[in-house]
Amino acid sequence: MLARKIKDFGNLSIAEKRVLDGVCAGEPVFLGKKPPAPDAKDVAIRADLIRYLLLGGCEKHRPSEAGVYVEGARITGTLDLEFCNADYPLWLHLNRFDETPNLNDATLPLLGLSGSTLPGLNAGRLKTNASLFLRAQGDHPFNASDPVILRSAEIGGQLSCTGGRFE
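Before going into details, it helps to say that this report is about the structure given with it. All figures in this text were calculated on a predicted structure; none of them were measured in a lab.

Criteria and cut-off values
- Position numbers for residues start from 1 in each chain and track the written sequence from start to end.
- For this predicted model, a pLDDT threshold of at least 70 governs which residues receive local features, and a threshold of 80 or more governs which side-chain atom pairs are given and counted, while totals over whole chains, interfaces and linings are taken from all residues.
- The side-chain quantities take in all heavy atoms of the structure and omit both hydrogens and water.
- In short, DSSP must find at least two bridges between two strands for them to pair.
- Here a helix means four or more residues in a row that DSSP labels H or I, a strand means two or more in a row labelled E, and each is numbered from the N terminus.
- Nitrogen and oxygen atoms within 3.5 Å of one another constitute a polar contact, given that in protein one can donate a hydrogen and the other can accept it, and given that sequence-neighbouring residues count only through two side-chain atoms.
- The contact rule is simple, with two residues in contact once any of their heavy atoms fall within 4.5 Å.
- Type-normalised accessible area, obtained with a 1.4 Å probe on protein chains alone, sets the label of each residue: buried when under 20%, exposed when over 50%, and partly exposed for intermediate values.
- The criterion for an aromatic pair is that two Phe, Tyr or Trp rings (for Trp, the six-membered ring) have centres within 6.5 Å, with stacked assigned to planes under 30 degrees apart, edge-to-face to planes over 60 apart and tilted to the rest.
- When a carboxyl oxygen of Asp or Glu is within 4 Å of a side-chain nitrogen of Lys or Arg, the pair counts as a salt bridge.

Details of the pairing of strand β5 (residues 90–93)
Part 1 of the reasoning: Sheet analysis places strand β3 (residues 68–71) next to β5, joined by four bridges and oriented parallel. Note on β5: the bridge partner recorded for V70 is L92.
Part 2 of the reasoning: Bridge analysis of β5 against strand β8 (residues 111–112) gives two bridges, and the strand direction is parallel. The residue bridging L90 from the neighbouring strand is L111, located in β8.

Here's the deal with the side chain of D105
Part 1 of the reasoning: Checked against the element boundaries, D105 lands in the loop between β6 (96–97) and β7 (107–108).
Part 2 of the reasoning: Engagement of the side chain of D105 in a polar contact is seen with the side chain of R125, the distance being 2.8 Å.
Part 3 of the reasoning: Excluding residues within four positions of it along the chain, D105 makes contact with F83, C84, G124, R125 and L126.

Notes on the sheet that holds β7
Part 1 of the reasoning: Read from one edge of the open sheet, three strands run β7-β11-β15, paired in parallel fashion. Single-partner strands in this sheet number two, and they are β7 and β15 (154–155).
Part 2 of the reasoning: Alignment of β7 against strand β11 (residues 127–128), held across two bridges, turns out to be parallel. Its bridge partner being in β11, T107 is matched across the sheet by K127.

What about helix α2 (residues 47–54)?
Part 1 of the reasoning: By the criterion of burial, α2 is predominantly enclosed, with seven of the eight residues buried.
Part 2 of the reasoning: Of the positions making up α2, those classed as buried are A47, L49, I50, R51, Y52, L53 and L54.
Part 3 of the reasoning: Tucked into the core, α2 has its buried residues touching α1 (14–25), β2 (44–46), β3, β4 (74–76), β5 and β7.
Part 4 of the reasoning: One or two residues past the end of α2 sits G56, with phi positive at roughly 110 degrees.

What about the packing of aromatic side chains?
Part 1 of the reasoning: Per the counting criterion, the structure on display carries five aromatic pairs.
Part 2 of the reasoning: With a centroid separation of 5.4 Å and 45 degrees between ring planes, the pair formed by F142 and F166 is classed as tilted. Of this pair, F142 sits in the loop between β12 (132–133) and β13 (143–144) while F166 sits in strand β17 (residues 165–166), placing them 24 residues apart in sequence.
Part 3 of the reasoning: Take F142: its relative accessible area is 0%, and that puts it in the buried class.

Here's the deal with the sheet that holds β12
Part 1 of the reasoning: The parallel open sheet is built from six strands, whose spatial order is β1-β3-β5-β8-β12-β16. Edge strands, defined here as strands with exactly one partner in the open sheet, are β1 (29–30) and β16 (159–160).

Considerations on the pattern of salt bridges
Part 1 of the reasoning: Applying the stated criterion across every chain yields a total of four salt bridges.
Part 2 of the reasoning: Between R46 and E16 there is a salt bridge, and its shortest N-O distance comes to 2.7 Å. Taken together, the residues span a long stretch of sequence, with R46 in strand β2 and E16 in helix α1 at a distance of 30 residues.
Part 3 of the reasoning: Judged by relative accessible area, which is 26%, R46 ranks as partly exposed.
Part 4 of the reasoning: The salt bridge partner of E167 is R165, with a shortest N-O separation of 3.6 Å.
Part 5 of the reasoning: A relative accessible area of 59% means that E167 is categorised as exposed.

Put into structure tokens, the structure is as follows:
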């Protein structure tokens, strides 16, 4: 079941509360300076919370126009944005994803995954008016161990994969 209200999440972790507060205040949320370990618990945030915020949250917890910006988190669960139309940019730099994000047929103003580590990326027919960043950030490459699928994606700006590793 997808969360429709913040109470649907139950107890939020300290990291999730920081994300909620920061995104709603229009501030980037820095949880770490590199992708965390695969078993990191202190910086774990649920993918469903990112989805909830990206799709507008609720009246009390609405993102600013700056969008969702999180660095250094371990993202648990599947970030499922299939067929979603988001009004906010999504910046998820230096994060570790436990599962392959599903962005098939999603529409986003911008998608940044610089320096992140993920199993793969399903983003067929993704639409973005601006750019898609699958590049290194500092000493940390974008790293995908399974396929990155961008079949028929429409990218209005640049596709930047400089320093990215696609295994």
